[in-house]
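# Descriptive analysis of the structure
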Amino acid sequence: LTGVPREQRAFQYLLAHAIPGDPRHVLQTFDQWCYHCEHLSCVGPVKGRIVERLLEERAPLQVLELGTYCGYGTVLLAQGLPPGARLYTVEVDPCHAAVAEKVIRLAGFDETTVSTVTARS
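The protein chain is annotated in an unreviewed UniProt entry as catechol O-methyltransferase from Chionis minor. You can read under Sequence similarities (unreviewed entry) in the UniProt record for the protein chain the words "Belongs to the class I-like SAM-binding methyltransferase superfamily. Cation-dependent O-methyltransferase family." According to the UniProt record, the Subcellular location (unreviewed entry) comment for the protein chain is "Endoplasmic reticulum".

Quick look at the structure:
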């Protein structure tokens, strides 16, 4: 209705309500948006706990995420990585990748932890 994509609207909500540099709060704020404003396809808190448990058990040093979308899963994965680990995430849609990049940086992750790649066809 506004001409602004819903992913960008979600990011604007995060900017207004999430605590910068706090990945958990960014995810909680994302969940609030998805439950109360508009639906976005995200992992969510229930499945997120499974992902967190797997990361804790396996402690991978490198992770590849295919399909970044808005960055929710990326933030979830990055916060669960052991020190020194690296996450590579790939998104084919440049608009989604741009939003994800901002979400990832808002959560406090820099290029040494998370590398984003926009795949072009």
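The discussion continues.
Let us now look at the pattern of salt bridges. According to the stated counting rule, one finds four salt bridges in the structure shown. Of the charged contacts, one joins Glu101 and Arg105 as a salt bridge, the two residues approaching to 2.7 Å between their closest N and O atoms. With a gap of four residues between them, Glu101 and Arg105 both fall in helix α5 (residues 94-106), about one helical turn apart. Note that Glu111 is salt-bridged to Arg105, the shortest N-O span being 3.8 Å. By relative accessible area, which is 24% here, Arg105 ends up partly exposed. Through salt bridges with shared partners, a single ionic network connects Glu101, Arg105 and Glu111.

Conventions we followed
Residues numbered from 1 in each chain as written. Predicted model: local features only at pLDDT ≥ 70, side-chain atom pairs only at ≥ 80, totals over all residues. Heavy atoms only, no water. UniProt positions renumbered as here; feature names shortened; annotations may be inferred. Salt bridge = Lys/Arg side-chain N within 4 Å of Asp/Glu carboxyl O. Helix = DSSP H or I, 4+ residues; strand = E, 2+ residues; numbered from the N terminus. Buried < 20%, exposed > 50% of the residue type's maximum accessible area, 1.4 Å probe, protein only.

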